[in-house]
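Chain by chain, the residues:
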Amino acid sequence: MRELARAVDKAAALLSSRASSLQGQIQSAPWKGADGELFRQDWSGNHRPSLERVASSLRHNSKLLLQHANEQEQSSAATGGGSSGGWRDQRPGQNQGPGQPRPELAGGTGSEGGSG
């Protein structure tokens, strides 16, 4: 999960960097006249802010992923680790205790869905 958080944060930085680069190129483009001005206004007023909102959302979600990773680690440390009692170990509609193997997971290594 931490790797995903890093990838999401990197994507946010890249998107923001590209938006800034485009801003400079668009503003300095030798496009004269009303069409050029309308395009620059549309870019500055609509498209660039949209890209920055997406980048901000990605950064926010990256932080949430890190928070969830920390919570999982704390939970695992408090219970002695492992996935016993996790969401995968319970099937809706069955009185299956935590840690009971699910038939469809039989034969697995028990390491699927790790925290990183």
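For the structure, see preceding data.
Definitions and limits used
- Residues numbered from 1 in each chain as written.
- Predicted model: local features only at pLDDT ≥ 70, side-chain atom pairs only at ≥ 80, totals over all residues.
- Heavy atoms only, no water.
- Helix = DSSP H or I, 4+ residues; strand = E, 2+ residues; numbered from the N terminus.
- Buried < 20%, exposed > 50% of the residue type's maximum accessible area, 1.4 Å probe, protein only.
- Contact = heavy atoms within 4.5 Å.
- Areas by Shrake-Rupley, 256 points an atom, 1.4 Å probe, with all protein chains shown as cover.
- Salt bridge = Lys/Arg side-chain N within 4 Å of Asp/Glu carboxyl O.
- Expected span 1.5 Å × (residues − 1).
- Phe/Tyr/Trp six-rings, centres within 6.5 Å; stacked < 30°, edge-to-face > 60°.
- Polar contact = N/O pair within 3.5 Å; in protein donor to acceptor, adjacent residues only side chain to side chain.

Turning next to the overall build of the protein chain. Secondary structure summary: the protein chain contains two helices and zero strands in total. In the protein chain, which comprises 116 residues, the proportion classed as buried is 16%. If you take every contact in the protein chain between residues at least 6 apart in sequence, the share linking residues at least 24 apart comes to 53%. In the form shown here, the protein chain has an accessible surface area of approximately 8,300 Å², with 55% of it arising from carbon and sulfur atoms.

Here we come to the pattern of salt bridges. Going through the model one piece at a time under the given rule, you end up with three salt bridges. Taking the shortest distance from any N to any O, the salt bridge between Arg2 and Glu73 comes out at 2.9 Å. Linking Arg2 in helix 1 (residues 2-28) with Glu73 in helix 2 (residues 34-79), this pair joins segments that are 71 residues apart in sequence. A salt bridge links Arg48 to Glu52; the shortest N-O distance between them is 3.5 Å. In this pair, Arg48 and Glu52 are both assigned in helix 2, four residues apart and thus about one turn of the helix distant.

This part covers the environment of Ala55. With respect to the helices and strands, Ala55 occurs in helix 2. Considering only alpha carbons, one finds Ala55 and Ala13, 42 residues apart in sequence, at a separation of 7.1 Å.

Its 27 residues place the ends of helix 1 39 Å apart at the C-alpha level, agreeing with the 39 Å of an ideal helix rising 1.5 Å per residue. Taken together, the buried positions of helix 1 are occupied by Ala5, Val8, Ala12, Ser16, Ala19, Gln23 and Ile26. Check the buried side of helix 1 and you find it contacts helix 2.

A few words now on the packing of aromatic side chains. One pass over the structure, following the stated rule, counts one aromatic pair. Ring centres 5.4 Å apart and planes at 35 degrees place the aromatic pair Trp31 and Phe39 in the tilted group.

This part is about the side chain of Ser62. If you trace the backbone, Ser62 turns up in helix 2. Residue Ser62 is classed as buried on the basis of its relative accessible area of 4%. Looking at Ser62, its side chain comes within polar contact range of the main-chain oxygen of Ala5, at 2.8 Å. Setting aside residues no more than four positions away along its own chain, Ser62 makes contact with Ala5, Val8 and Asp9.

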